[in-house]
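Chain residues, written in single-letter form:
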Amino acid sequence: MWAVLAALTSQFGTGDSIIGQILSIVYIIFFIVFLFYGQKIQMYNMIREVEGQLHKLKFLRDEGRKAAIATINEIGKPTSDPTPRIDRYLEYFTIPPQSMDPSGIVDKLDHILDVRDARLKDEVKLMAPATDEAQTFNLENTLEAAMALNFIFKIVRHFYIQGKKTMSFYAIMQVQMILPLVMKEAEAYSSALKAFAEGQPIGDGAGPLVAGKLMHGHEIRKLHKDCVVATVPFEGRIAFVIKAEGPGGNVGKPGDAVETVIEENKKKITAVIMIDAGLKLEGEKVGEVAEGIGAAIGGPGVDQFKIEEAIAKYQIPIYAVIVKEDLGDAVSVMRKEISDSMDNVIERLKSVVLERTKEGDKIIIVGVGNSIGVGQ
Amino acid sequence: MRATKPPGVNKIPQFLFSIVLIVMALAIVAMGLALNAFLVGEQTIAIYLAIIGVIALALSVYVMMQSRSKAAVAKAEAPKTMTTIECRKCSIKNLREFQRGDYVYKDLEKCEKCDDKMLITAIYKEIKTKEKTYNI
């Protein structure tokens, strides 16, 4: 045995001295250990990395919960301790409709989302009876951000524990690979909490901000659901400007609102222009304005579907103007770059209207997004 | 307002730290051996050992520094949210810190110069730190 080791170590050229031999043996041991246990070592390293981030997620989750409780106590003046009700709220889930037979699924999803929305608003009212409508919307948004943080933490914890239990390299690798993106999302929701609690405009409010600027000072009427519309003269055209009702945190249902205005003005609408915040790619600048075709609206897809149905029925062209920002910017307090880009958006809007419609035409301009902190 | 640090984020993982320490110790041993080999006249071996020692030492220091900078959650001060108030008639523009109840397009008290109402025209945060660019 020693003879073999001596022969091996002599290959390293330092076999004469005892230290050289020890060093060579250590090198060989290292080589063997890494050869057979390399993957295990790598897995332990990944588990530790996930564990570190999981601590951070737990911290963000707890801070979110504390912020929600503090805001409800401060604004809502509850008669009893709202903590148990908030904890219950954080665990709420929504089951999407069955999609084996997809026919009619949009209406089913729309109904489920309506029920969810009504239920959550009722819960907020029970927790914070002293709030007005705008504050109720803001508190609902705050709780939803806390709910998202709770959900992210629990999902990552699930994969972490599952990976540790099964010692499966691939189970752990999956979560470790997507962890940077998950952390980015969690940090975005964490920064959104402050904005929602204080009722400050967020990056996603770029669309309502432009719409609010256009409709300010004009007569406003309410539309279904939680949306408002104003008839505004715009570059010699008649523009129906739609946005979610502010300043409470609310995205409304622009799909229903656009459908209603199109039906009210049968065959007279010549264009629909949508303004929204769009996710930027890495390397693009925050607040950059871009133009395109199609219904610029996110969310579960119900509103996009309704708008597309309505415009297809009357063959109305649809254009989109977006303000670029990343997920963190979209849910945290509006950045100066986004606020400053409003004039660029209006200029782009003017050029689309002048190039694509004729004088006297009726058009629809929709400011899509969360109206928190943005009036009209 | 300084953000509180989540527990455990400022620590280098123990596992990584112990591996770095072992590599560092081996690097020092390799350099010692290089000196020994040089003194006994085996210059080629001395050079090889010295190169191995220097590279291993540099790598371990680099890994240690990298993980430290990753672990440190040094959050800068949160930027203040500002409210811009304008008088559309006489173009007076004021900037103040956001107050609860402010919202964009909210009518405020009358302007000091004219009778028109002041209006909140923007609420935003200004991030002053420059984002890293990649020159592409």
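Cut-offs and rules
- Residues numbered from 1 in each chain as written.
- Chains lettered and ligands numbered in written order.
- Predicted model: local features only at pLDDT ≥ 70, side-chain atom pairs only at ≥ 80, totals over all residues.
- Heavy atoms only, no water.
- Helix = DSSP H or I, 4+ residues; strand = E, 2+ residues; numbered from the N terminus.
- Rg over C-alpha atoms; globule rule 2.2 N^0.38 Å.
- Buried < 20%, exposed > 50% of the residue type's maximum accessible area, 1.4 Å probe, protein only.
- Areas by Shrake-Rupley, 256 points an atom, 1.4 Å probe, with all protein chains shown as cover.
- Lys, Arg positive; Asp, Glu negative; His and termini not counted.
- Charge placed at Lys NZ, Arg CZ, Asp CG, Glu CD.
- Pairing = 2+ DSSP bridges.
- Domains from an automatic or database assignment.
- Expected span 1.5 Å × (residues − 1).
- Arc of directions from axis to C-beta.
- Contact = heavy atoms within 4.5 Å.
- Buried area = accessible area lost by both parts, 1.4 Å probe.
- Salt bridge = Lys/Arg side-chain N within 4 Å of Asp/Glu carboxyl O.
- Nonpolar A, V, L, I, M, F, W, Y, C, P; charged D, E, K, R; others polar.
- Axes fitted to C-alpha atoms, helices over the stretch in contact; angles between N-to-C directions.
- Patch = residues over 30% accessible without salt bridge, like charges linked within 9 Å, V, L, I, M, F, W, Y side chains within 5 Å.
- Phe/Tyr/Trp six-rings, centres within 6.5 Å; stacked < 30°, edge-to-face > 60°.
- Core = buried A, V, L, I, M, F, W, Y, C linked by side-chain atoms within 4.5 Å.

Colleague: Provide a residue-level description of the overall build of chain A, including the pertinent values.
Modeller: Within chain A, the regular secondary structure consists of 12 helices and seven strands. Here chain A has a C-alpha radius of gyration of 28 Å; the compact-globule value for 376 residues is 21 Å, and the former is much larger. Projecting the C-alpha coordinates of chain A onto the three principal axes gives extents of approximately 100 × 55 × 45 Å. Here chain A, with 376 residues, has 50% of them falling under the buried criterion. For chain A, the exposed area adds up to about 18200 Å²; of that, 58% sits on carbon and sulfur atoms. Each charge class in chain A was averaged separately, 43 positive and 50 negative side chains, and the resulting centres sit 2 Å apart.

Colleague: Give a description of the pairing of strand β1 (residues 220–223) of chain A that names residues and reports values.
Modeller: Relative to strand β2 (residues 227–234) of chain A, β1 of chain A runs antiparallel, the two being bridged by four bridges. Within β2 of chain A, the position partnered with K222 of chain A by the bridge is V228 of chain A.

Colleague: Go over the domain arrangement of chain B with me, naming the residues and quoting the values.
Modeller: Along its sequence, chain B is organised into domain 1 (14–73) and domain 2 (81–125). Each of domain 1 of chain B and domain 2 of chain B was reduced to a C-alpha centroid, and the two centroids are 62 Å apart.

Colleague: Mind laying out helix α12 (residues 342–356) of chain A, listing which residues take part and the relevant values?
Modeller: Residue and element names in this part refer to chain A. For α12, spanning 15 residues, the distance from its first C-alpha to its last is 21 Å, which sits close to the expected 21 Å at 1.5 Å a residue. Residues of α12 that are buried: M342, V345, I346, L349, V352 and V353. Axial view of α12: buried residues confined to an arc of 120°, hence all on one face.

Colleague: Let's hear about the interface of chain A and chain B: which residues, and what values?
Modeller: The partner chain B presents 33 residues to the 40 residues of chain A that form the contact. For the pair chain A and chain B, the two sides together bury roughly 3300 Å², of which 65% comes from carbon and sulfur. There are two salt bridges connecting chain A and chain B. Put simply, R100 of chain B and E74 of chain A hold a salt bridge, and the shortest N to O gap is 2.9 Å. Put simply, the parts of the chain that give the side of chain A that touches chain B at least two residues each are α2 (18–76), α6 (169–198), α7 (206–215) and α11 (336–340) of chain A. In terms of residue count, α2 of chain A provides more of the side of chain A that touches chain B than any other element does, 15 residues in total. Residue classes in the side of chain A that touches chain B are distributed as 16 nonpolar, 15 polar and nine charged.

Colleague: Talk me through the sheet that holds β1 of chain A; I want residue IDs and the actual numbers.
Modeller: Residues and elements named next belong to chain A. Taken together, the seven strands give an open sheet; going across it, the order is β1-β2-β3-β7-β4-β6-β5, and neighbouring strands pair in mixed fashion. With partners counted over all chains shown, the strands left at the sheet margins are β1 and β5 (289–293), one partner each. Within this sheet the neighbouring strands show an average axis-to-axis angle of 25°, counted without direction. Direction of pairing for β5 relative to strand β6 (residues 318–325): antiparallel, over a ladder of five bridges. Among the inter-strand pairings, V289 is bridged to a residue of β6, identified as V323.

Colleague: Let's hear about a nonpolar patch on the surface: which residues, and what values?
Modeller: On the surface, a nonpolar cluster with roughly 860 Å² of combined accessible area is contributed by I29, F31, I32, V33, F34, L35, F36 and Y37 of chain A. Summarising the element assignment, I32 of chain A is placed in helix α2.

Colleague: Tell me about the sheet that holds strand β2 (residues 93–97) of chain B, residues and numbers included.
Modeller: Strands belonging to one sheet form pairs held by backbone hydrogen bonds; the direction of such a pair is parallel or antiparallel. Residues and elements named next belong to chain B. With antiparallel pairing, four strands are arranged side by side in an open sheet as β2-β1-β4-β3. The strands lining the two open edges of the sheet, one partner per strand, are β2 and β3 (107–110). Between one strand axis and the next, the sheet turns by 35° as a mean value, whatever way the strands run. Note that β3 and strand β4 (residues 117–125) share two bridges and pair antiparallel. Bridge pairing in β4 links D107 to L119.

Colleague: How would you summarise the packing of aromatic side chains if you had to cite specific residues and measurements?
Modeller: All names here are of chain A. Taken as a whole and judged by the stated rule, the model has three aromatic pairs over all chains. With centroids separated by 5.8 Å and ring planes inclined at 20°, the aromatic side chains of F30 and F34 adopt a geometry described as stacked. Note that F30 and F34 are positioned in helix α2 at a spacing of four residues, about one turn of the helix. Ring geometry for F169 and Y170: centres 5.3 Å apart, planes at 80°, overall edge-to-face. On the basis of relative accessible area, F169 is assigned to the buried category, the value being 10%. Of the residues examined, Y170 reaches a relative accessible area of 54% and is grouped as exposed.

Colleague: Pulling in residues and values, what's your account of the nonpolar core?
Modeller: Core analysis: the biggest nonpolar cluster contains 45 residues, and L57, I72, I86, Y89, L143 and V156 of chain A have the highest contact counts within it. Counting residues per element, the ones that place at least two in this core are α2, α3 (83–90), α4 (105–127), α5 (133–166) and α6 of chain A. Not counting residues within four places of it along the chain, the set of residues in contact with Y89 of chain A comprises L120, E123, V124, M127, E140, L143, E144 and M147 of chain A. Residues A239 and I338 of chain A together with C114 and I120 of chain B belong to the second largest nonpolar core, which totals 42 residues.

Colleague: Summarise the environment of M183 of chain A; cite the residues concerned and give the values.
Modeller: All names here are of chain A. Its location among the elements puts M183 in helix α6. Separated by 30 residues in sequence, M183 and F153 place their C-alpha atoms 9.8 Å apart. Dropping the residues within four chain positions of it, M183 is found in contact with Q53, K56 and L57.

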